[in-house]
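As a plain string of letters, each chain reads:
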Amino acid sequence: MSTPLEKENHSATTPLAPSDLNNPLTFPTFWGLPPEYESNDIDLYSTKPRKHWCFLGKIVSSSVLVRLALEVEDKEGHRLLVAFHTDDRGAAFLDQCKEGHTIAVLYATQHTFAFSPPGLRLEQDAHVKVFPYSLDDMLEASRELFEKGMGKRCEGCDKTETPLRKCSACNGAWYCSRTGCWPAHKRRCPVLKEIQWFTRKNWENSVHQYFFPRHLGGWHAHQHSRNALPSMLQACGF
Ligand SMILES: [Zn+2]
Ligand SMILES: [Zn+2]
């Protein structure tokens, strides 16, 4: 585990790749996001190349009143409110928003709420995704991906000369036959696989607006939760 100072020194010598989840421009903290009124200028449907960004935060707690609302902590430990103003008021994400999981919000902006400190007001389902991994694990996996690269080297013991096999699940990591090398990767493999959605994108000058893909499993969960939220709301007296 490196100290913040070491990280700072490191980034001073080696600029972080734009698609590295640790890059503060592509993956900003809350205060690094554009304020909502400024983002009116950002034409998401423009055909000109433009910059893309995504907010990443750790889910601290969730509550359901009129809508799903989360307390979220950004990369620097700042806590903020994330309120679902999507069509179904967050029902699609109800089951996934567990403490310690990570929420990603494409094109997030600072929103000023009437009765609480600034936070995120989510409007589009397709710009939101919850990952069942901790933010630390995702940042760490990304750091390793960019520092070590996906070079032909055993992820467990760092050896390059022994016969190596490539992991077909994440299609990136290599491992050797030594005891412990495969299990070492197996634990990290799902995170590594998942973050490649971010790390393989052009965040600097693509013309395409990005959306998170809807997985089949997520859709079933959605159908289930869509029924769950109204009854929860009724229980709350709404
Ligand atoms: Zn090995
Ligand atoms: Zn793998």
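Rules and cut-offs
Residues numbered from 1 in each chain as written. Chains lettered and ligands numbered in written order. Predicted model: local features only at pLDDT ≥ 70, side-chain atom pairs only at ≥ 80, totals over all residues. Helix = DSSP H or I, 4+ residues; strand = E, 2+ residues; numbered from the N terminus. Buried ≥ 20, exposed ≤ 12 C-beta atoms within 10 Å, placed from the backbone. Contact = placed C-beta atoms within 7 Å. Core = buried A, V, L, I, M, F, W, Y, C linked by C-beta atoms within 7 Å. Pairing = 2+ DSSP bridges. Axes fitted to C-alpha atoms, helices over the stretch in contact; angles between N-to-C directions. Expected span 1.5 Å × (residues − 1). Arc of directions from axis to C-beta. Parallel < 35°, antiparallel > 145°, perpendicular 65-115°, else oblique. pLDDT = per-residue confidence, 0-100.

1. A look at the overall build of the protein
Right, so step 1: Summing up its helical and strand segments, the protein has 4 helices and 8 strands in all.
Right, so step 2: For the protein, with 238 residues in total, the buried portion stands at 29%.
Right, so step 3: For the protein, contacts bridging at least 24 residues in sequence account for 62% of all contacts bridging at least 6.

2. Re the environment of Val191
Right, so step 1: Note on placement: Val191 falls in helix H3 (residues 181–199).
Right, so step 2: It is 9.7 Å that separates the C-alpha atoms of Val191 and Leu139, two residues lying 52 residues apart in sequence.
Right, so step 3: Sequence-distant contacts of Val191, that is, excluding residues within four places in its chain, are made with Tyr133, Asp137, Met138 and Ala141.

3. So, the environment of Leu80
Right, so step 1: You can see Leu80 is positioned in strand S3 (residues 79–84).
Right, so step 2: When residues no more than four places from it in sequence are discounted, the contact partners of Leu80 are Phe30, Val72, Asp74, Pro118, Gly119 and Leu120.

4. Points about the environment of Asn23
Right, so step 1: Relative to the assigned elements, Asn23 resides in the loop between helix H1 (4–13) and strand S1 (54–64).
Right, so step 2: The spacing of Asn23 and Leu139 is 116 residues in sequence and 9.7 Å in space, taken between C-alpha atoms.
Right, so step 3: Residues contacting Asn23, with those up to four places away along its chain left out, are Leu16, Ala17 and Pro18.

5. Looking at the nonpolar core
Right, so step 1: Core analysis: the largest hydrophobic core is formed by 45 residues, its most contacted members being Leu68, Leu70, Val82, Ile103 and Val105.
Right, so step 2: Excluding anything up to four places from it in sequence, Leu68 contacts Ser62, Phe84, Arg89, Gly90, Phe93, Leu94 and Cys97.

6. Some remarks on the sheet that holds strand S2 (residues 68–73)
Whenever strands of a sheet pair, they do so through backbone hydrogen bonds, lying parallel or antiparallel.
Right, so step 1: Spatially, 6 strands are ordered S5-S3-S2-S1-S4-S6 in an open sheet, and the strand pairing comes out mixed. Each of the sheet's edge strands pairs with one partner strand only, and the pair in question is strand S5 (120–122) and strand S6 (128–131). Here the strands of the sheet are splayed against their neighbours by 35° on average, with no regard to which way each runs.
Right, so step 2: Taken together, the 5 bridges between S1 and strand S4 (residues 102–106) define a ladder with antiparallel strand orientation. Pairing of Cys54 across the sheet is with Leu106, part of S4.
Right, so step 3: Against the sheet, helix H2 (residues 135–148) engages S1, S4 and S6, with an angle of about 165° to S1.

7. Here's the deal with the pairing of S3
Right, so step 1: Of the strand pairs in this sheet, S2 and S3 are connected by 5 bridges, and their pairing is antiparallel. Counted as the bridge partner of Glu71 is Leu81 from S3.
Right, so step 2: Between S2 and S3, which follow one another and run antiparallel, lie 5 residues, and Gly77 among them has a positive phi close to 90°.
Right, so step 3: Examined bridge by bridge, S3 and S5 share 3 bridges and lie parallel to one another. Counted as the bridge partner of Ala83 is Arg121 from S5.

8. Some words on H2
Right, so step 1: The end-to-end C-alpha distance of H2 is 20 Å, a good match for the 20 Å that 14 residues give at a rise of 1.5 Å each.
Right, so step 2: Within the sequence span of H2, burial applies to Leu135, Met138, Ala141, Ser142 and Leu145. Buried positions in H2, seen along its axis, are confined to an arc of 135° and lie on one side of it. Residues of H2 that are exposed and angled more than 90 degrees away from the buried face: Glu147 and Lys148.
Right, so step 3: In the core, the buried residues of H2 are packed alongside S1, S4, S6 and H3.

9. A word on the packing of H2 against H3
Right, so step 1: Packing of H2 against H3 brings their axes to within 9 Å, and their N-to-C directions diverge by 75°. The pairing of H2 with H3 is recorded here as roughly perpendicular in orientation. Note on element contacts: H3 touches H2 through Arg188, Val191, Leu192, Ile195 and Thr199, opposite Asp137, Met138, Ala141, Ser142 and Leu145.

10. Thoughts on the confidence of the model for the protein
Right, so step 1: Mean pLDDT for the protein: 84, with 80% of residues reaching 70 or above.
Right, so step 2: Every residue in residues 233–238 is under pLDDT 50, and counting partners more than four places away or in other chains gives 3 contacts.

11. What to know about unusual backbone geometry
Right, so step 1: If you check the backbone angles, Tyr107 has positive phi at about 55° while not being a glycine.
Right, so step 2: Along the chain, Tyr107 falls in the loop between S4 and S5.
Right, so step 3: The backbone phi angle of Asp158 is positive, close to 70°, even though this residue is not glycine.
Right, so step 4: When the 10 C-beta atoms within 10 Å are taken as the criterion, Asp158 is described as exposed.

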